[in-house]
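Secondary and tertiary structure notes
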Amino acid sequence: MNQINQAAGFGKVGVLFGGRSAEREVSLMSGAGVLKALRSKGVDAHPFDPAERSLAELAAEKFDRVFIALHGRYGEDGTLQGALEQLGIPYTGPGVMASSIAMDKVMTKRIWIGHDLPTPRFIVLDSASTPREELRQVPDVLGLPLMLKAPHEGSTIGIAKVAGYSDMQEGFDLCAQYDAVVLAEEFVTGRELTVPVMGKGTSGDNKAKAFPVIEIRAPEGNYDYQHKYFTDDTKYLCPAPLDEALTQRIQELAVKAYNALGCRGWSRVDFMLRASDNEPFLLEINTSPGMTGHSLVPMSARQAGMTYEDLCYEILKFAALDLKPSDAWKSHASKDTDVSDKG
């Protein structure tokens, strides 16, 4: 099947972007790029902003599949994926459970630890009830500096680096604005890396595969929201200047982290490479990564020989449902009995 016929075979495609999360601004940029790219490939693609239109309107559009370009809550956290499962509309990216777990940095770390995958040590703090005295004890356990994070946010929103005991309360208060709990995490000094992964599972033609590794070098090591999306001060090295054995090790670890959470379609895995011994540590996984002009997955894909347009097209090809509607009906029908038998 040539690409023109395949594009037609996708049917009517919705590009979901914008949304109600703190990452709305970035999502609008991602979605605009994806929409333009898919249309350039002959896909019948249409924009849809869930912040401005209801799920009833989404159902009424009768999309054959959707490309999720939403970031953060209500788009990347399993809630929208669940609605799409109910509507029977195949969607890009991981399914309900994987999306939900990956959006929670605490649960993600717990699963990785269960799979013997390396991630920095951490403590979970209640945003509403952690007393000042307990906060001051956290550096005694994790050391300084350390990181405080709102575990359900992304794009470096709700994150603070703590250099000393006196910074704990201010950093905690910042993160607590965004979440019911705050993740205190050991700071790994070293190089910041990220690896896109695409596919599903450990076997077959479409098994999960890692793209080239990217190293991120932000001014003074501060890869914040501004440096991530709106300046050209951050340097990106792709492929990252690592020896072949270390590169392969990090890519293999990215795929293991992706599969441990049950991801499919595509995602991006973030690391710190410890300076003292070149040991990699998993930080988080993004199940709906940015697709802006500054975004990392398109950068890695280009290094692998894939254009932005081809990348969007390939991601769309992986659109799927966790449970096919026909399977759901069969399951229901197999349990159906005559009401007269129920007494």
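Notes on the structure follow. (Residues numbered from 1 in each chain as written. Predicted model: local features only at pLDDT ≥ 70, side-chain atom pairs only at ≥ 80, totals over all residues. Heavy atoms only, no water.)

**As for the nonpolar core**
Residues Ile-250, Leu-261 and Phe-271 are the most contacted members of the largest nonpolar core, which totals 28 residues. When contributions to this core are tallied by element, the ones reaching two or more residues are α5 (96–103), α6 (105–114), β8 (190–200), α10 (244–260), β12 (264–274) and β13 (280–286). Among the elements that line this core, the one with the most residues is α10, at eight residues. Filtering out sequence-adjacent residues up to four positions away, Ile-250 remains in contact with Leu-193, Val-195, Val-213, Leu-242, Phe-271, Leu-273 and Pro-280. Core analysis: the second largest hydrophobic core is formed by 26 residues, Val-15, Leu-35, Tyr-308 and Cys-312 among them. (Core = buried A, V, L, I, M, F, W, Y, C linked by side-chain atoms within 4.5 Å. Buried < 20%, exposed > 50% of the residue type's maximum accessible area, 1.4 Å probe, protein only. Helix = DSSP H or I, 4+ residues; strand = E, 2+ residues; numbered from the N terminus. Contact = heavy atoms within 4.5 Å.)

**Focus on the packing of aromatic side chains**
Each aromatic ring pair is described using two quantities: the centre-to-centre distance and the angle formed by the ring planes. With the rule as written, the count across this model stands at three aromatic pairs. Against the face of Tyr-74 rests Arg-20, its NZ or CZ located 4.1 Å from the ring centre. We note Arg-264 situated over the ring of Tyr-91; from NZ or CZ to the ring centre the distance is 4.9 Å. (Phe/Tyr/Trp six-rings, centres within 6.5 Å; stacked < 30°, edge-to-face > 60°. Lys NZ or Arg CZ within 6 Å of the ring centre and 35° of its normal.)

**Some points on the pattern of salt bridges**
Oppositely charged side chains can pair when the atoms bearing their charge come close. Per the counting criterion, the structure on display carries 18 salt bridges. The partner of Glu-61 in a salt bridge is Arg-53, with the nearest N and O atoms 2.6 Å apart. Relative accessible area serves as the criterion here: at 27%, Arg-53 is assigned to the partly exposed category. Across the pair Glu-279 and Arg-249 runs a salt bridge, and its minimum N-O distance is 2.8 Å. Pair noted here: Glu-279 is in the loop between β12 and β13 and Arg-249 is in helix α10, with a separation of 30 residues, a long-range link. The partly exposed category is assigned to Arg-249, whose relative accessible area is 38%. (Salt bridge = Lys/Arg side-chain N within 4 Å of Asp/Glu carboxyl O.)

**A short note on unusual backbone geometry**
Here the amide bond leading from Leu-144 into Pro-145 is cis, since omega sits at -5°, within 30 degrees of zero. The step from Cys-238 to Pro-239 runs through a cis peptide bond, and the omega angle for that step is 5°. Of note, Pro-239 is situated in the loop between β11 (235–237) and α10. For Lys-62, which is not glycine, the phi torsion reads 55° and is therefore positive. Residue placement: Lys-62 occurs in the loop between α3 (55–60) and β3 (65–68). For Asn-278, which is not glycine, the phi dihedral falls at a positive 60°. Checked against the element boundaries, Asn-278 lands in the loop between β12 and β13.

**Re the sheet that holds strand β4 (residues 122–126)**
A sheet is described by the order of its strands in space; here four strands give the open sequence β4-β7-β5-β6, paired in antiparallel fashion. Every interior strand has two partners, whereas the edge strands, β4 and β6 (159–162), have only one. Taking each pair of neighbouring strands and ignoring which way they run, the sheet shows an average axis angle of 20°. Contacts from helix α7 (residues 132–142) reach β4, β5 (146–149) and β7 (181–186) within the one sheet, and its direction differs from that of β4 by about 170°. (Pairing = 2+ DSSP bridges. Axes fitted to C-alpha atoms, helices over the stretch in contact; angles between N-to-C directions.)

**Quick notes on helix α11 (residues 296–303)**
Along an α-helix, residues three or four apart share an orientation, since each turn contains 3.6 residues. Taking burial as the measure, the eight residues of α11 include six buried ones, the bulk of the element. Leu-296, Val-297, Pro-298, Met-299, Ser-300 and Ala-301 are the residues of α11 that are buried. The secondary structure elements touched by the buried residues of α11 are β8, β10 (214–217), β11, β12 and α12 (308–317). At the C-terminal side of α11, Gly-305 shows a positive phi close to 90°.

**With respect to the packing of helix α2 (residues 24–40) against α12**
α12 packs onto α2 with a crossing angle of 90° between their chain directions and a minimal axis gap of 9 Å. For the element pair α2 / α12, the angle class is roughly perpendicular. Facing α2, whose interface residues are Ser-30, Gly-33, Val-34, Ala-37, Leu-38 and Ser-40, α12 presents Tyr-308, Glu-309, Cys-312, Tyr-313 and Leu-316. By residue class, the composition of the contact of α2 with α12 is seven nonpolar, three polar and one charged. (Parallel < 35°, antiparallel > 145°, perpendicular 65-115°, else oblique. Nonpolar A, V, L, I, M, F, W, Y, C, P; charged D, E, K, R; others polar.)

**Notes on the environment of Tyr-258**
With respect to the element layout, Tyr-258 can be found in helix α10. Between the C-alpha atom of Tyr-258 and that of Ile-285, which follows or precedes it by 27 residues, the distance is 7.6 Å. Contacts of Tyr-258, omitting those with residues within four sequence positions, involve Val-197, Met-198, Gly-199, Ala-208, Cys-263, Arg-264, Gly-265, Trp-266, Ser-267 and Ile-285.

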